[in-house]
Amino acid sequence: MVWTNSSSTRYRLWRDTDRGIIAGVCAGIAGYIVVVRLVAVLGLVFFFPPTIVAYVILALVLRPKPPALYASPDEEAFWRGVGTAPADTLHSLKRKFTDLEARLGQMESQVASGDFDLHRKFRDLGR
């Protein structure tokens, strides 16, 4: 089976066998809900049979996370942030784009200045 790297597969629920302890069900769900292991432990304490049955069903139904789902660890951290803290991710993106806008403005002002044209003409004279 060929795994695609589209954004729709990033939002799927996977078993994360790399980070999981038993079958990776809690680790997979933790990509969406941060306190899932605490909820699982509380479920085991107070509702042992239904929790075990639900875990086994999820372990059988959920596919393992594809190994090449993310291109880099930074991309994985970004998509985890989108799932767990979308407001923080949006704020981070806004800050990055604001910084890029400022840098682009600086480059634009340098290229549009008369000094840039003068330096270019001197460089062309030397050829």
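Computed from a predicted structure; not experimentally measured. (Residues numbered from 1 in each chain as written. Predicted model: local features only at pLDDT ≥ 70, side-chain atom pairs only at ≥ 80, totals over all residues. Heavy atoms only, no water.)

A. Representation of the pattern of salt bridges within the structure. Evaluation of the coordinates by the stated rule reveals one salt bridge. Measuring nitrogen to oxygen at the nearest pair gives 3.8 Å for the salt bridge that ties aspartate 124 to arginine 123. (Salt bridge = Lys/Arg side-chain N within 4 Å of Asp/Glu carboxyl O.)

B. Quick peek at helix α7 (residues 114-125). For α7, spanning twelve residues, the distance from its first C-alpha to its last is 17 Å, which sits close to the expected 16 Å at 1.5 Å a residue. Among the twelve residues of α7, zero are classified as buried, and the element is accordingly described as predominantly exposed. (Helix = DSSP H or I, 4+ residues; strand = E, 2+ residues; numbered from the N terminus. Expected span 1.5 Å × (residues − 1). Buried < 20%, exposed > 50% of the residue type's maximum accessible area, 1.4 Å probe, protein only.)

C. A look at the layout of surface pockets. Each pocket or cavity is described by its volume, and for the largest pocket that value is around 440 Å³. Along the walls of the largest pocket sit 20 residues, with Cys26, Ala40, Leu44, Thr51 and Tyr55 positioned nearest its centre. Elements supplying a minimum of two residues to the lining of the largest pocket: α2 (25-29), α3 (36-46) and α4 (48-61). Ranked by residue count, the leading element in the lining of the largest pocket is α3, at seven residues. Of the residues in the lining of the largest pocket, the class split is 15 nonpolar, four polar and one charged. (1 Å grid on protein atoms, 1.4 Å probe; cavity = no way out; pocket = protein on both sides within 12 Å on 5 of 7 lines; lining within 4 Å. Points joined across faces, edges and corners; volume = space filled by probe spheres on them. Nonpolar A, V, L, I, M, F, W, Y, C, P; charged D, E, K, R; others polar.)

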